[in-house]
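# Observations on the model geometry
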Amino acid sequence: MSWIDLHQASERAAIEADRALRDGNQSLASILYSEAAEHEQRALEVLDATKARTKGITAVSAVSLWFKATAYERAEQLAYSALADLSLPEFSRTDLRNLVQAIWTESSKKTANVNFLPGQVFVSVKGGEVITGGAPLDLIVEKVQTIQSMFYRTVEFIRDMPLRRRGGPTREIQESCRPWLFQAPPGSYQFSVAIQEPKQLDFFRKDMRPDLVARQFLEILKATASDNQDQLATIVPNVEYRNVFLKLGRNLAPTGKTFDSIELRTATDDDPIALTPESRTLINQALKKGRPVDAQDSEGNEEELNGILRAVDLDRDFLDVSVNGQPVRVNGLGDAMDDVIGPMVNKPVKVRVTRKIGSVRFLDIELDD
Amino acid sequence: MVHFVLPDEHALDAYANEIDATETGAYAVSLAAIEAIAGLVAVRRASTLTGADWYIAPTGTNSEDLENCIRLEVSGINAGASSDIRRRLREKLIQAAHGASNLPAIAAVVGFKALEVAIAPLGVSG
């Protein structure tokens, strides 16, 4: 059989595999991806050695198909064999190296003896002080914390739980859907987040597909940064949850000082969700629009305090911010929540307040990194 | 004029997710647009880590290999205005300039809200 016959057979099987995956039939998808990979690998073997470009594309395709079939050893073996061929074009060598790293990540998940929900979210932080494969530790720690908070909130939201106003998620949620951090293929600073599968089979409602947690997370995040806030209202009808997601989304979005953008996507999406300083502006506009007009606040003058957040006491309803070395106490935190405000402690913040004689009252807070 | 079969309940369920629907719809619309304006049709498909690439060539080309095919890089935006579509196309051009792709290629960005398709050739590298 010629390259074209084998490649066509591979195409057909891969299209059927994609369809099975979309239908939620993972086991059939794996069988079909294996079949597609066998054909593609044979296509690579019969290919005329002078056809370098076709060879590069076919090699990447065959390794990708073994990877999608979760046959990681076959994928790794073929990737190394292809990389040993010095006539392979550079574009395909880059793709193959990225595939090898993805194979390692997936293999390490297998050996972790923990099951993960299908779908993971790849996160890349770009620009500013961020370089390829490296980023300021405090920046990454804060973004990882916010992503974890948003995942927990997403799980609580899709389980129809009442909005959590204080403290972290319940022990059940933390133990059942723990997010894990993995190294992701290089390019800027990248990592991926996968959700551990709940051991309790009925953890999610029967009509809820747990494999959509990652997608739901991304759809909510995408809607928070959209100029059309009707989208977010459709996905998250509960106004209080909506408000929390907007604030967590804003925590993720850059100010443009330390880094330029943060991109998030699933493994199957070519188009990432990119949060930029413009996204932060859009989220701020949405939050301001949705803020209730408090009669007490409307009497005072609205102003912005720029300083370091030194302390937060949600139970006693105040925060302390150091402005030019002088402490300022801000009262009336209202619906401020631990996971939104907690990661900001000891970091530069912008606090919007209303000031009246003897009282500074809280309106909003955001990072000013 | 585009003729298509209305999706049945099974298809609607399979593509109920907005991301899947946008991605697949963008492939369909961009392939139709490229054929209409440039006479290029999809001849091959090859898998990648994150999905699959389509390869296009002039109608009637004997595609025994991929040596002269053009890779079609597709993006779909389900919301946003013309400026968002142009911005996405610029991002694709910047990515190509950094040599991250197997080129020659054409980028197509489909805006479902703005009802626009933006198409541009990407540079050559590798």
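What counts and what doesn't
Residues numbered from 1 in each chain as written. Chains lettered and ligands numbered in written order. Predicted model: local features only at pLDDT ≥ 70, side-chain atom pairs only at ≥ 80, totals over all residues. Contact = placed C-beta atoms within 7 Å. Helix = DSSP H or I, 4+ residues; strand = E, 2+ residues; numbered from the N terminus. Expected span 1.5 Å × (residues − 1). Buried ≥ 20, exposed ≤ 12 C-beta atoms within 10 Å, placed from the backbone. Arc of directions from axis to C-beta. Axes fitted to C-alpha atoms, helices over the stretch in contact; angles between N-to-C directions. Parallel < 35°, antiparallel > 145°, perpendicular 65-115°, else oblique. Left-handed = near helix turned anticlockwise from the far one by under 90°. Nonpolar A, V, L, I, M, F, W, Y, C, P; charged D, E, K, R; others polar. pLDDT = per-residue confidence, 0-100. Pairing = 2+ DSSP bridges.

Looking now at the interface of chain A and chain B. With 35 residues of chain A in contact, the opposing surface of chain B contributes 25 residues. If you list the elements that add at least two residues to the side of chain A that touches chain B, you get α1 (3-22), α3 (52-68), α5 (90-111) and α8 (213-224) of chain A. Among the elements that take part in the side of chain A that touches chain B, α3(A) stands out by supplying nine residues, more than any other.

The terminal C-alpha atoms of α1(A), which comprises 20 residues, lie 28 Å apart, in line with the 28 Å expected from a rise of 1.5 Å per residue. Taken as a whole, α1(A) has its buried residues at A:Trp3, A:Leu6, A:His7, A:Ser10, A:Ala13, A:Ala14, A:Ala17 and A:Asp18. Seen along its axis, α1(A) keeps its buried residues to an arc of 145°; they face one direction. Looking at the packing, one finds that the buried side of α1(A) touches α2 (26-46) and α3 of chain A together with β1 (40-48) and β2 (51-58) of chain B. Phi turns positive one or two residues past the end of α1(A), at A:Gly24, with a value near 85°.

Right, let's get into the packing of helix α10 (residues 239-252) of chain A against helix α11 (residues 277-290) of chain A. Residues and elements named next belong to chain A. Between α10 and α11, whose axes approach to 9 Å, the crossing angle comes to 150°. In this view, α10 runs roughly antiparallel relative to α11, as classed from their interaxial angle. The way α10 lies across α11 gives a crossing that is left-handed. Listed contacts from α11 to Asn 243, Leu 246, Gly 249 and Arg 250 of α10 are Arg 280, Ile 283, Asn 284, Ala 286, Leu 287 and Gly 290. Taken together, the residues that form the contact of α10 with α11 break down as four nonpolar, four polar and two charged.

Here we come to the confidence of the model for chain B. Overall, the predicted model of chain B reaches an average pLDDT of 80, with 84% of residues at or above 70. Mean pLDDT in chain B bottoms out at helix α3 (residues 82-97) of chain B, which sits at 75, and peaks at β1(B), which reaches 90.

Residues and elements named next belong to chain B. Strands sit in the order β1-β2-β3-β4-β5 across an open sheet of five strands; the sheet is mixed. Edge strands, defined here as strands with exactly one partner in the open sheet, are β1 and β5 (116-122). This sheet shows a mean twist of 30° between the axes of neighbouring strands, independent of strand direction. As judged from the seven bridges shared by strand β4 (residues 105-111) and β5, these two strands associate in the antiparallel manner. Note that in β5 the partner of Gly 111 across the bridge is Glu 116.

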